[in-house]
Amino acid sequence: MIVNFNIKSGIIFVFFVGLMLAMQVHAQDQPNVILIMMDDQGYGDIAAHGHPHLITPNMDLLREKSIRLESFHVDPTCSPTRAALMTGRYSGRVGVWHTIMGRNMLREDETTIADVFSGAGYRTGIFGKWHLGDNYPYGAKFRGFDDAIIHFAGGVGQSPDFWGNDYFEDHYYDNGQWRRFQGYCTDVWFNQALRFIRESKDEPFFLYLPTNAAHQTRPHVPERYKALYEDLDEPDRLKTFWGMITNIDDNLGVMIDRLESWDLLENTILIFMGDNGTQMNAGFWPEEQRDEWSDRYNAGMRGAKGSHYDGGHRVFSYIYYPSAGIEGGRDVEQITAHIDLMPTLLELSGIATPDSLDFDGKSLVPLLKGQDSEWPERTIFLHNQRVLDPIKWRNTSIMTNRWRFVDNTELYDIHQDPGQQSNIIEHYPEVADQLRSEYEEWWEDISQRFGETTSLYIGAEQQNPVQLTAHDWMSTDNIPPWNQPHIIERQNSNNGPWRVRVEHADQYTFELRERPEIANFQLSATEARLRIGDHIDKAKPIREGSPGVRFEVRLEAGDTEIKTWLIEEDGTSRGAYYVKVKRLGDQ
């Protein structure tokens with residue numbers, strides 16, 4: 001055989017092939033990342049943690065194989081935990097200290113972990129519960145995720161979510177469009193995650209899988225899972241909750257099996273964690289069982305979801321990454337937190353931290369690899385505000401490896417008193433003074449931007465029209481109707497306001513409704529009123545049988561407030577729970 005080989009072109013060809021092979025090897029060397037976070041499943045809600053009833057064989061096995069962060073802390077509720085997890089910074093610093101009232105939206109100038117991984121060449125995806133804002137610029141699709149399929153707000157069936165969603169055969173927001181999915185919510189999230197992995201397995205990927213289960217906005221689960229607990233003499237809602245967790249466990253097992261069969265498990269950083277304490281606090285048990293609830297169902301801890309005692313924020317966190325030796329079933333006892341995971345993942349993935357980022361957390365790589373002989377003492381700060389504007393010392397816990405300083409008045413030695421029953425502040429006043437001083441410095445630091453508002457954008461090219469919902473009313477008077485049953489019951493006479501940013505001076509329409517357009521619900525009100533800032537205040541009668549009423553106004557660019565009224569014939573009124581805002585274009 002005679003080969004006609006041009007030397008110059010051959011050199012170029014060899015160089016090109018070598019470059020491609022080098023790029024392929026580099027891509028293969030970069031680990032994949034899968035971050036799975038459960039909703040409202042507490043530390044005690046796993047069989048291996050001592051729960052007397054739960055069936056969680058796959059969680060138990062993952063725990064057995066992983067490095068376990070045994071003093072791992074998050075915020076006591078959903079959105080704050082997610083904000084800290086996505087940024088490596090305290091939730092209060094990034095504008096998130098509630099789950100509603102506009103205080104759940106991550107400030108637009110914050111950089112997310114998805115932003116950084118995407119910038120490093122990773123394909124990024126989220127499937128499930130985002131809960132850091134639904135519209136531009138806060139929604140997941142605008143925060144670094146290439147593939148985003150989510151429900152809206154903090155749970156399936158909450159006010160901003162697709163009307164009528166109930167965990168089965170729901171509509172979810174698929175990269176900018178509502179689409180109906182077959183099956184149960186948790187199954188949908190895991191199936192979409194597996195689809196994403198299958199499509200991405202030849203390139204590095206970052207997968208964020210925050211399920212909405214076992215959160216019980218709607219206490220629903222496939223009957224076969226609830227039936228596993230039918231013989232127990234326990235309240236029905238607990239059986240549903242446990243069934244939801246076992247369903248998650250089955251999906252987790254399938255995912256790990258697929259990763260193994262696709263030869264991805266070895267080079268994947270897999271994190272499995274909770275977002276706050278259990279939703280099933282002692283109040284869900286019969287009164288005669290409540291005294292034993294903590295020891296039997298909550299790993300001996302005080303408090304549950306929403307509590308600033310350890311039961312509200314100490315959660316499970318398993319990290320498994322075999323190719324880096326992060327495996328073997330070892331406990332890390334030092335105090336760690338959600339703010340540590342972003343710097344940890346960047347280091348493990350070989351991604352340089354952008355100069356613009358200033359983490360509150362620190363990389364846990366030395367702890368994960370057993371190189372912790374010089375790990376320093378540290379203090380971690382936590383508060384559970386759940387108000388429009390933060391209040392100093394409200395529901396606060398200042399934590400070290402040994403101490404919990406609570407509400408400026410209580411001190412617990414967590415080694416001797418893990419149930420936080422004996423306040424020993426009188427015996428250790430110097431410890432309280434030191435932690436108090438550290439809190440004062442922390443508060444001064446993170447409170448610099450508390451006065452800022454994460455405004456809802458209207459008229460932006462990236463999303464027009466937008467729907468405003470009562471979930472985001474910013475009120476100091478009443479809790480807004482954040483859930484669809486609240487809307488149906490016509491709860492709350494509150495009417496906002498919404499704080500908005502008008503992106504462009506232009507003509508706008510406002511459609512006021514009591515339920516979203518798809519519900520086609522007829523108004524009983526006879527008059528509607530719209531007020532925008534100090535300069536626009538309009539009213540008009542509502543035609544009988546109409547599902548909504550439309551206003552058209554011209555707005556100037558800038559920040560303002562919107563309030564609405566739907567006024568009944570007897571003079572009573574409520575705000576419009578849903579308002580669709582559309583920029584019409586220069587006229």
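Residues numbered from 1 in each chain as written. Predicted model: local features only at pLDDT ≥ 70, side-chain atom pairs only at ≥ 80, totals over all residues. Heavy atoms only, no water.

### Here's the deal with the pairing of strand E4 (residues 147–151)
Taken across its five residues, E4 has five buried, putting it largely inside the fold. Burial along E4 is two-sided: Asp147, Ile149 and His151 and Ala148 and Ile150, pointing in opposite directions, are all buried. Of the strand pairs in this sheet, strand E3 (residues 123–129) and E4 are connected by five bridges, and their pairing is parallel. Across the sheet, residue Phe127 finds its bridge partner in E4, namely Ile149. (Buried < 20%, exposed > 50% of the residue type's maximum accessible area, 1.4 Å probe, protein only. Helix = DSSP H or I, 4+ residues; strand = E, 2+ residues; numbered from the N terminus. Pairing = 2+ DSSP bridges.)

### A look at the nonpolar core
Among the nonpolar cores identified, the biggest contains 55 residues, and Ile34, Ile36, Ile197, Leu207, Met255 and Phe272 are the most heavily contacted of them. Broken down by secondary-structure element, the contributors of at least two residues to this core are strand E1 (32–38), helix H2 (57–65), helix H5 (185–200), strand E7 (205–210), helix H7 (236–261), strand E8 (268–274), helix H8 (293–297) and strand E10 (317–320). With 10 residues, H7 is the single largest residue contributor to this core. Sequence-distant contacts of Leu207, defined by excluding residues within four places in its chain, comprise Val33, Ile34, Leu35, Gly125, Phe127, Ala193, Phe196, Ile197 and Met255. (Core = buried A, V, L, I, M, F, W, Y, C linked by side-chain atoms within 4.5 Å. Contact = heavy atoms within 4.5 Å.)

### Quick word on the environment of Ile100
Considering the arrangement of structural elements, one finds Ile100 in the loop between helix H3 (78–87) and helix H4 (113–119). On a C-alpha basis, the gap between Ile100 and Ile414 in space is 32 Å, while along the polypeptide they are 314 residues apart.

### A few points about the confidence of the model for the chain
Per-residue pLDDT for the chain has a mean of 93; in total, 94% of the residues score no lower than 70. The model gives residues 1–27 a pLDDT under 50, and that stretch makes two contacts with residues more than four places away or in other chains. (pLDDT = per-residue confidence, 0-100.)

### Notes on the packing of H5 against H7
Interhelical geometry of H5 versus H7 gives an angle of 10° and a closest axis separation of 10 Å. With respect to H7, the element H5 is oriented roughly parallel. Contacts from Thr186, Asp187, Phe190, Ala193, Leu194 and Ile197 in H5 reach Asn247, Ile248, Asn251, Leu252, Val254, Met255, Arg258 and Leu259 in H7. A per-class count over the contact of H5 with H7 returns nine nonpolar, three polar and two charged. (Axes fitted to C-alpha atoms, helices over the stretch in contact; angles between N-to-C directions. Parallel < 35°, antiparallel > 145°, perpendicular 65-115°, else oblique. Nonpolar A, V, L, I, M, F, W, Y, C, P; charged D, E, K, R; others polar.)

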